[in-house]
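This is what each chain is made of:
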Amino acid sequence: MKLQDFMCFLQEHKLIDLQDLLRKDEIGCINRLKLQKFVYLAQTCLNNNFGYEFSIYSNGPYSPELANYYYETMDTNSMNTIIINKKWKLDTNFTKGFLDLFKDKELEWLVIASILIDSKNYFEDEQEILNKVYAIKSEYSKTYIGDVWNELKNRNLVHYKSGLKLNNLLSVF
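Residues numbered from 1 in each chain as written. Predicted model: local features only at pLDDT ≥ 70, side-chain atom pairs only at ≥ 80, totals over all residues. Heavy atoms only, no water.

A. Main features of unusual backbone geometry. One non-glycine residue, lysine 86, adopts positive backbone phi at about 55°. Along the chain, lysine 86 falls in the loop between helix 4 (76-84) and helix 5 (92-102). With a relative accessible area of 53%, lysine 86 lands in the exposed category. Positive phi, normally seen in glycine, also occurs at asparagine 156, with a value near 60°. (Helix = DSSP H or I, 4+ residues; strand = E, 2+ residues; numbered from the N terminus. Buried < 20%, exposed > 50% of the residue type's maximum accessible area, 1.4 Å probe, protein only.)

B. Layout of the pattern of salt bridges. Applying the stated criterion across every chain yields a total of eight salt bridges. In this structure, the salt-bridge partner of lysine 86 is glutamate 12, at a minimum N-O distance of 2.5 Å. Of the two residues, lysine 86 sits in the loop between helix 4 and helix 5 while glutamate 12 sits in helix 1 (residues 3-12), which places them 74 residues apart along the sequence. Note on glutamate 12: relative accessible area 31%, which makes it partly exposed. We note a salt bridge from arginine 155 to glutamate 151, for which the minimum N-O separation is 3.7 Å. Residue class for glutamate 151 comes out partly exposed when judged on its relative accessible area of 21%. The network of salt bridges with common partners includes Asp20, Arg23 and Asp25. (Salt bridge = Lys/Arg side-chain N within 4 Å of Asp/Glu carboxyl O.)

It is worth stressing that arrangement in space is one thing and function is another; only the former is reported here.
Dropping the structure here:
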């Protein structure tokens, strides 16, 4: 699915509001943050490569190139016309999977989930990942972060090593 089609899909399902995306207030900020997280999650969890690279940021993975797109290139009026006239392409398998995973998720969940998923790239085991996220998102309880992690595991969106190192186990004998 192409980014423009994905954005139309997000708008139609009321996951973001394209008209509010560029507002210079909290509403605009929330829409941009959601878009960043939805694109990241679509790329990492559903293998829909929009071609954006993400780096860690205070609210999780962030793509400056994606930000440049919506600040400099995107035309909200033409996007609105595309949405109204239904002139965007829908990949039903992808969109069904996306809605099943992320439709009812709050912004806080999206932030924590994307940080947890991104952290698997930097840490070897579950406890290291959780400790990192606890440290950088200390405004959230360990219970909440653990619940998001467990949900991601239950949906097979993260895989981890147990932290039990075989070498350490064998050295006991």
